[in-house]
Amino acid sequence: MPCPSCGSPYRASRRGGDPLCPGCWATLPTATRTALRRRDDQAPARREQLRARLDVGTPLREIRIG
C-alpha cells in the first residue's frame, strides 16, 4: 500500500499498522503519534483528521492531533 504522505510503498504491521510509512510516521510530533496509536472509540476520527490534514498538504511536523 502506498504511504498517503510520500507515496512510497510500505507494509502495515499485523497489529493494525501505522497509517504512514516508517519515515513519515517518525516525522510526526510525538504527541500526534501517541494519539494515533490509541485504540478507543475516537480512533477512526483521529485517523480521519490525519488524512484530512495530509490532503490539504499540512507538513508532517505541524500536524497536531489530540
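On a predicted model such as this, the values are computed, not experimentally measured, just so you know.

**Observations regarding the pattern of salt bridges**
Counted according to the given criterion, the structure contains 1 salt bridge. The residue R46 makes a salt bridge to D40 at a minimum N-O spacing of 2.7 Å.

**Focus: the side chain of R46**
With respect to the helices and strands, R46 occurs in helix 3 (residues 43-55). The buried category is assigned to R46, whose relative accessible area is 5%. Among residues more than four places away in sequence, those in contact with R46 are A35, L36, R38, D40, I65 and G66.

**Description of the environment of P9**
Take P9: it is sitting in the segment before helix 1 (22-27). With 50 residues separating them in the primary sequence, P9 and P59 have C-alpha atoms 19 Å apart. Those residues within four positions of P9 in sequence are excluded, and the remaining contacts are M1 and P2.

**Describing helix 3**
Between its first and last C-alpha, helix 3 extends 18 Å over 13 residues, near the 18 Å set by a 1.5 Å rise per residue. When helix 3 is considered as a whole, its buried residues turn out to be A43, R46, L50 and L54. Taken end-on, helix 3 shows its buried residues confined to a sector of 80°, consistent with a single buried face. Every exposed residue of helix 3 that faces more than 90 degrees away from the buried side is listed here: P44, E48 and D55. After helix 3 finishes, the residue G57 shows a positive phi value of roughly 85°.

About the cut-offs
Residues numbered from 1 in each chain as written. Predicted model: local features only at pLDDT ≥ 70, side-chain atom pairs only at ≥ 80, totals over all residues. Heavy atoms only, no water. Salt bridge = Lys/Arg side-chain N within 4 Å of Asp/Glu carboxyl O. Helix = DSSP H or I, 4+ residues; strand = E, 2+ residues; numbered from the N terminus. Buried < 20%, exposed > 50% of the residue type's maximum accessible area, 1.4 Å probe, protein only. Contact = heavy atoms within 4.5 Å. Expected span 1.5 Å × (residues − 1). Arc of directions from axis to C-beta.

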